[in-house]
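Next come the chains, spelled out residue by residue.
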Amino acid sequence: MNKWIRIQEQDNVAVALCPLQAGDSIDIPQFDLTLKEDIPQGHKFSLTRIPQGAAVIKYGAQIGTAQEEIPAGMHVHSHNLKTALREAEEYSYHPVEIDSAFKTNGVKKDVPCFQGYRRKDGSVGIRNEIWIIPTVGCVNSIGQKIAALAKSQYESLKGIDDIVAFQHPYGCSQLGDDQENTRKILADLCMHPNAGGVLLLGLGCENSGVEEIKKYIRDYDSDRIKCLICQDVSDEISAGMELLQSLAETASQAKRSPAPLSCLTVGVKCGGSDGLSGITANPLVGHFTDWLTQFGGSVLMSEVPEMFGAEEQLLNRCQKQDIFEKAAGMVQGFKAYFSRHGQPVYENPSPGNKAGGITTLEDKSLGCTQKSGHAPVIDVLEYAERKKMNGLNLVTAPGNDLVSSTALAAAGAQLILFTTGRGTPFASPVPTVKISSNSLLQERKDHWIDFNAGSLTEDADFSQMTEQLIQYVLSVANGLYVKAELAGYHDMAIFKQNITL
């Protein structure tokens, strides 16, 4: 078992794969040093003397500058390393040549199908659920009550995976882009193929009411989407139950059938990252990204503020000049969003990130973006915009776990691969696969974690692990419930940027 890793030859720091102690000898080619301090798992230590003001290099790129001289063998973290990010950046397009086959990583090249639910509009779902979607936060509790009552009859509803009532606080008292985004997100969820039936639940006096949301729904199917305006009926609970029964009868007729990988769209996200996330879980997901996009499927990646410091690696993989311009505009737009609110662009790593070994936003971003693999960026989607082309798409949304994951689902992801080094129980509107970056997390929170990438620090084979992840994702697509689903967790959140009336 390796105890440390130097990720790239250019790096002047290495990462502890397990806790190291002062006095441990480190034998890395070109370096022969003794640690002067204890180094926690996931944290960095200097391989050579780093002068004050010099670049600290990890992943082959600068993750910040030394605040003081750092002798060889010292712990490199917040006390002696600071970000080198600037508030604004100009970007120029320097496209990299991408092998059309990407990296096979030793994974076999056969192209499997998955068993999905084909909807009337041609989309394919991996779940056959009934969703209750409120147009306004005022009816959240009504939706919850209807879902609870319906679930008491759940055993008789054959072929229905779950009945889910989502909650959000918006739909009224909003203006401009916020109001428009709420309408788009709600309409996107109404059209999501994982829902075999949808009850669009309104109050009746809100700005973004039922009739308004219906304008945004493509190929409106009145058998699959039913609407209820609570102010228009005497008993909204009984009316809701009647509509839900009709939806259940329709949805229960759906059956799984073979679907090609071109019908599979996977969102990738990380949260509660640690110093091993960019070494184990995120690169593993990157291998999956290469595999799925190579064979016609789609991967959606978001959390734009966690691209800062690594964005040029993505920008130069944009397939065309106009895609580059959209991607650069997306990054610059988020930096301007921070500046408008008087906030620095680099205050991102959370206390949990730092405890796990991540020091600066560049450090976090260079690990985060590895989920994109080596695939070309074929499109950039605005917030609440649905995917139009297969391949790797960037989605405009913040780093917040729930807001970003909801945006990925709304854009068309049928499931999400969520890597984490600290752990989190949350779910999104679609199956959310938790992938741990370290084995300790998986052992401690087995009821949260679905797949352990931490074994990659314990001499596990990357190709074999990639194949295992592929097979696991296909199993989820075929109906295997993830831990959050088994716990009954379903969440959503809408991005709020402006004032509330």
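Just above sits the structure.
As the structure is a computational prediction, the values presented were derived from the model and not from experiment.

So, how was this worked out
- Residues numbered from 1 in each chain as written.
- Predicted model: local features only at pLDDT ≥ 70, side-chain atom pairs only at ≥ 80, totals over all residues.
- Heavy atoms only, no water.
- Helix = DSSP H or I, 4+ residues; strand = E, 2+ residues; numbered from the N terminus.
- Buried < 20%, exposed > 50% of the residue type's maximum accessible area, 1.4 Å probe, protein only.
- Core = buried A, V, L, I, M, F, W, Y, C linked by side-chain atoms within 4.5 Å.
- Contact = heavy atoms within 4.5 Å.
- Polar contact = N/O pair within 3.5 Å; in protein donor to acceptor, adjacent residues only side chain to side chain.
- Pairing = 2+ DSSP bridges.
- Axes fitted to C-alpha atoms, helices over the stretch in contact; angles between N-to-C directions.
- Phe/Tyr/Trp six-rings, centres within 6.5 Å; stacked < 30°, edge-to-face > 60°.
- Lys NZ or Arg CZ within 6 Å of the ring centre and 35° of its normal.

Glancing now at the environment of Trp291. Examined against the element boundaries, Trp291 turns out to sit in helix α5 (residues 281-294). Among the residues examined, Trp291 registers a relative accessible area of 6% and is labelled buried.

A separate point is the nonpolar core. Formed by 97 residues in total, the largest nonpolar core has its most connected members in Ile133, Phe288, Leu417 and Ile435. Here this core takes nine residues from helix α7 (residues 321-340), the largest share from any one element. Discounting residues that sit within four places of it in the chain, Ile435 has contacts with Ala281, Val285, Leu417, Phe418, Thr419, Thr420, Phe451, Ala453 and Leu469.

Attention now goes to the side chain of Ser365. For Ser365, the position within the fold is in helix α9 (residues 361-368). For Ser365, the side chain forms a polar contact with the main-chain oxygen of Glu306, separated by 3.0 Å.

This part takes up the sheet that holds strand β14 (residues 195-202). The parallel open sheet is built from four strands, whose spatial order is β13-β12-β14-β15. Of all the strands in the sheet, the pair left with one neighbour each is β13 (163-165) and β15 (225-229). In this sheet, adjacent strand axes meet at a mean angle of 15° when their direction is disregarded. Here five bridges tie β14 to β15, and the two strands are oriented parallel to one another. Counterpart to Leu199 in the pairing with β15 is Lys226. Strands in contact with helix α2 (residues 176-190) are β12 (129-134), β14 and β15; relative to β12, the strand with the most contacts, it is inclined by about 160°. Contacts from helix α4 (residues 236-251) reach β12, β13, β14 and β15, with the element oriented near 180° to β15.

A separate point is the packing of aromatic side chains. Evaluated as defined, the whole model comprises twelve aromatic pairs. Taking the centre distance of 6.0 Å and the plane angle of 65° together, the rings of Phe308 and Phe338 count as edge-to-face. Here the residue Phe308 occupies a position in the loop between β18 (298-301) and α6 (311-315), and Phe338 occupies one in helix α7, the gap between them amounting to 30 residues. Pair check on accessibility: Phe308 and Phe338 agree, each one buried. Within the aromatic cluster, the residues linked to one another by ring pairs are Phe308, Phe334, Tyr337, Phe338, Tyr383 and Phe495. One cation-aromatic arrangement involves Lys335 over Phe308; the distance from NZ or CZ to the ring centre is 5.2 Å.

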